[in-house]
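# Observations on the model geometry
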Amino acid sequence: MNRRHLSIACVLLFCFVFFMDDCAVAEKGTGILYKARDVAKSNINKAIIKSFADITEEEEYYIGRAVAANILSKYSVYNNQAVTQYINYVGNSVVFYSERPEIYAGYHFLILDVEEVNAFAAPGGFVFITKGLLKRCQDEEMLACVLAHEVGHICANHGLKSIKKSHLTEAFRLIGMQAVKKYGTQELTKLTGIFENVLGDIMKTLVERGYDRKYEYEADKLAVRIAVNTGYSPSGLKDFLETMVDDSSDVSGKGWFKTHPKANDRIARVKNEISNIKTTPLKDSVRTKRFLQSIKTIQ
Amino acid sequence: MKKYSKFIPLLCGILILFTFLMADTFIVKVRTTNLRIEPKFYAKTLVFLQNGEKLEKIGARDGWLKVKTTKGIEGWIHLSAVEEKKFSLTAINQPLKTQATAGEVALAAKAFDKNVEEAYMKKHPQISFAQVDKMLKIKISPAQMKIFLKRGKLGEFGREK
């Protein structure tokens, strides 16, 4: 290759690098990862076909915030800083060993001041457990497994999957048409309406109807794996579910049975899942001791 | 035309080389995260990273990436905090404006963001976000988490049973 060829090659390389760097622009500080320029109609159609998988981390966070606000408008927060801190320690321990340890604004755990036994996981890392559920736990393993189950729902995007596809299609069509332009008042009103529908879908699933059975079983499966990876005995999940068998009391019947499959079905599956694991950690008295110490102020 | 045909293999070579180079660029997709000294969540923080920061991959281990920041700082980040910088060879022959993916469209137009949240809050004043903001303030440092795991014999501090 002579000098002339080399010069042409260098110019080509320079042009190519410059062009490619412009293709996917990461704009630091603006919150926009990729800046779409003008989008051709064919690409908009492609966008419409896709579903919850197209929801970005940031959008998931805003959906999760609003779901959390709705949950907190139905339930009061149990204000006990020490216990709240403790469940955040346990929660973040299982998060570290889950499939999705990093999420847009991190995972946060809160206790709801109600005797009903229940737990909710909103998209974006917002996890709620009731005081009644915490009282039902007898050791850290049980608590960790319940939290791992909720983290499993978030990892597997079960909340986002409960959004009706038609609502997402509507959103993607609208934003697709407004890809570069900042949307105006009319678009904002429409998007807010779609946002309400999206929240309605998730709230209905979380609080009223419950997830599909297959999602509950999947979250149990994930909880077993997360618990083992963290170093907790996965039997904590089985032990917790056993406390729910044939429990027809008002406190547990109110929420849990309405939104979860029968405890016996889940126990059988959890046992089976545990039996497939070669070595599982055992319960440790150190953890049980700190659990009892941490929750002793709960009334 | 014949004159330029000798450049075709060269151009192909550049394309292939660039594809490999692009595969090693990652972008922070979470709001903020830490670049850590070792591949552990409780490891010491070298620097805080912001959403959208570009990182160059220099190694990988068990779901963690060893990366270099644009300022040349090397450290570890978990795979779930980043996404690979996307690049499509098929897009080369098309004008720039047809290259956005569905995700990019969503991001550019921001379907659900602060503006939508504010509009929602105005419409539903009975739904308070104050407790949500308070919940987001619950923070545990990596050092505190390390102590908790260690005392509870969890993670790598656990014993084989």
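Report on the accompanying structure. The structure displayed is predicted, hence computed values, not measured ones. (Residues numbered from 1 in each chain as written. Chains lettered and ligands numbered in written order. Predicted model: local features only at pLDDT ≥ 70, side-chain atom pairs only at ≥ 80, totals over all residues.)

## Comments concerning the overall build of chain A
For clarity, the cut-off: Strands here are runs of E lasting at least two residues and helices are runs of H or I lasting at least four, both read from the DSSP assignment and numbered beginning at the N terminus. Three exposure classes are used, all based on how many other C-beta atoms lie within 10 Å of a residue's own C-beta (placed from the backbone): buried at 20 or more, exposed at 12 or fewer, and partly exposed between those limits. Residues are treated as contacting if the C-beta atoms built from their backbones sit within 7 Å of each other.
Along chain A, the regular secondary structure elements total 14 helices and three strands. Here chain A holds 299 residues, and the buried ones make up 49% of them. Considering only residue pairs separated by 6 or more positions, chain A has 74% of its internal contacts joining residues 24 or more positions apart.

## Here's the deal with the overall build of chain B
In terms of regular secondary structure, chain B is built from five helices and seven strands. The order of helices and strands in chain B, counted from the N terminus, is α-β-β-β-β-β-β-β-α-α-α-α. Pairs at least 24 apart in sequence give 46% of the contacts found in chain B among residues at least 6 apart.

## Some thoughts on helix α10 (residues 213–230) of chain A
All names here are of chain A. The condition is simple: Multiplying 1.5 Å by the residue count of a helix minus one yields the expected span of that helix.
With 18 residues, α10 extends 25 Å from end C-alpha to end C-alpha; this agrees with the ideal 26 Å at 1.5 Å per step. Burial in α10 covers these residues: Y215, E216, A219, D220, L222, A223, V224, I226, A227, V228 and T230. In this fold, the buried residues of α10 make contact with α4 (81–96), α6 (140–155), α7 (158–161), α11 (235–244) and α13 (263–275). Note on α10: the residue one or two positions beyond its end, G231, has a positive phi of about 110°.

## Concerning unusual backbone geometry
Phi is positive for N157(A), close to 55°, though the residue is something other than glycine. Its location among the elements puts N157(A) in the loop between α6 and α7.

## Quick look at the pairing of strand β6 (residues 74–78) of chain B
Going by this rule: Note on pairing: DSSP must find at least two bridges between two strands before they are called paired.
Within β6(B), four of the five residues are buried, which leaves it mostly tucked inside the rest of the structure. Between strand β5 (residues 64–69) of chain B and β6(B), which pair antiparallel and follow one another directly, the connecting turn spans four residues, one of which, G72(B), has a positive phi of 85°.

## Remarks on the environment of E74(B)
Inspection of the secondary structure assignment puts E74(B) in strand β6. A C-alpha to C-alpha distance of 37 Å links E74(B) and F7(B), two positions 67 residues apart in sequence.

## Brief notes about the packing of helix α3 (residues 57–74) of chain A against helix α9 (residues 185–209) of chain A
Residues and elements named next belong to chain A. To keep things clear, this is the line we draw: To define axes, lines are fitted to C-alpha atoms, for helices over the stretch in contact only, and angles between the resulting N-to-C directions are given on a 0 to 180 degree scale. Convention used here: angles under 35 degrees read as roughly parallel, angles over 145 as roughly antiparallel, angles from 65 to 115 as roughly perpendicular, and any remaining angle as oblique. Each crossing gets its handedness from the near helix: less than a right angle anticlockwise from the far helix is left-handed, clockwise is right-handed. Here the nonpolar group is Ala, Val, Leu, Ile, Met, Phe, Trp, Tyr, Cys and Pro; Asp, Glu, Lys and Arg are the charged ones; every other residue, Gly included, is treated as polar.
Between α3 and α9, whose axes approach to 10 Å, the crossing angle comes to 60°. Taken together, α3 and α9 sit at an angle that is classed as oblique. The element α3 and its partner α9 pack so that their crossing is right-handed. Every residue of α9 that contacts α3 at I63, A66, V67 and N70 is listed here: V198, L199, I202 and M203. In terms of residue class, the contact of α3 with α9 is built from seven nonpolar, one polar and no charged.

## Comments concerning helix α14 (residues 285–295) of chain A
Residues and elements named next belong to chain A. Rule in force here: Regarding the arc, it is the one traced by the directions from the helix axis to the C-beta atoms.
Among the residues of α14, those classed as buried are R287, F291 and S294. Buried positions in α14, seen along its axis, are confined to an arc of 70° and lie on one side of it. The exposed set on the far side of α14, more than 90 degrees from its buried face, consists of S285, K289, L292 and Q293. If you follow the buried residues of α14, they end up packed against α4 and α6.

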